[in-house]
Amino acid sequence: GDLADLKRIEELRAIPLFVRGPRIFIAVADPTAPQSLEFFAHKSGKRPEPVLVDDAQLSAFIAKAKGGKVEMALSDEELDFELTDGGDIHADAAVF
């Protein structure tokens, strides 16, 4: 039941970014896919807030994570992704 479960991230095409108060912010390429938001809402007990990202960025992040180039850890209020090659995932300003 880990929020940083790579298999679930890949299946759902969604990445939990961080928790702020009662909300969990989730990077998604398709904000109309409710199953990804519902999954992370259920696992975290927080209200999901989708953050729109480019599908190519999402795919690249997942590929890097599968290659062991991303370390993911949830601590208190923040899910921290560290890309070991210095890359980063950038979320657009659009929060739905």
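Residues numbered from 1 in each chain as written. Predicted model: local features only at pLDDT ≥ 70, side-chain atom pairs only at ≥ 80, totals over all residues. Heavy atoms only, no water.

Trainee: Explain the environment of E10 to me, please; I cannot follow it from the model alone.
Mentor: Relative to the helices and strands, E10 resides in helix α1 (residues 6–12). Between the alpha carbons of E10 and S59 there is a distance of 8.5 Å; along the sequence they are 49 residues apart. Look past the residues within four positions of E10 in its chain and what remains in contact with it is I62 and K66. (Helix = DSSP H or I, 4+ residues; strand = E, 2+ residues; numbered from the N terminus. Contact = heavy atoms within 4.5 Å.)

Trainee: What is the right way to read the pattern of salt bridges from this model?
Mentor: In a structure, side chains of opposite charge can pair up when their charged atoms sit close to one another. Under the defined criterion, the tally for this structure stands at three salt bridges. Between R8 and E11 there is a salt bridge, with the nearest N and O atoms lying 2.8 Å from each other. Taken together, the residues span about one helical turn, with R8 and E11 both in helix α1 at a distance of three residues. In this structure, E49 and R47 form a salt bridge, with 3.4 Å as the shortest nitrogen-oxygen distance. Overall, E49 belongs to the buried group, its relative accessible area being 11%. (Salt bridge = Lys/Arg side-chain N within 4 Å of Asp/Glu carboxyl O. Buried < 20%, exposed > 50% of the residue type's maximum accessible area, 1.4 Å probe, protein only.)

Trainee: Would you mind going over the pairing of strand β1 (residues 14–20) with me for this structure?
Mentor: Both faces of the sheet carry side chains from a regular strand, because those side chains alternate between them. Judged by how many residues are buried, β1 sits mostly within the fold: five of seven residues are covered. Summarising the sheet, β1 and strand β2 (residues 23–28) pair through six bridges and their orientation is antiparallel. Considered in β2, the bridge of V19 is made with I24. Counted along the chain from β1 to the antiparallel partner β2, the turn is two residues long, and its residue G21 has a positive phi close to 60°. (Pairing = 2+ DSSP bridges.)

Trainee: Just checking my understanding: could you explain unusual backbone geometry for this structure?
Mentor: In most cases, non-glycine residues show a negative phi, while peptide bonds are predominantly trans. If you check the backbone angles, R13 has positive phi at about 55° while not being a glycine. Looking at where R13 falls in the secondary structure, it is placed in the loop between α1 and β1. Owing to a relative accessible area of 29%, R13 belongs among the partly exposed residues under this scheme.

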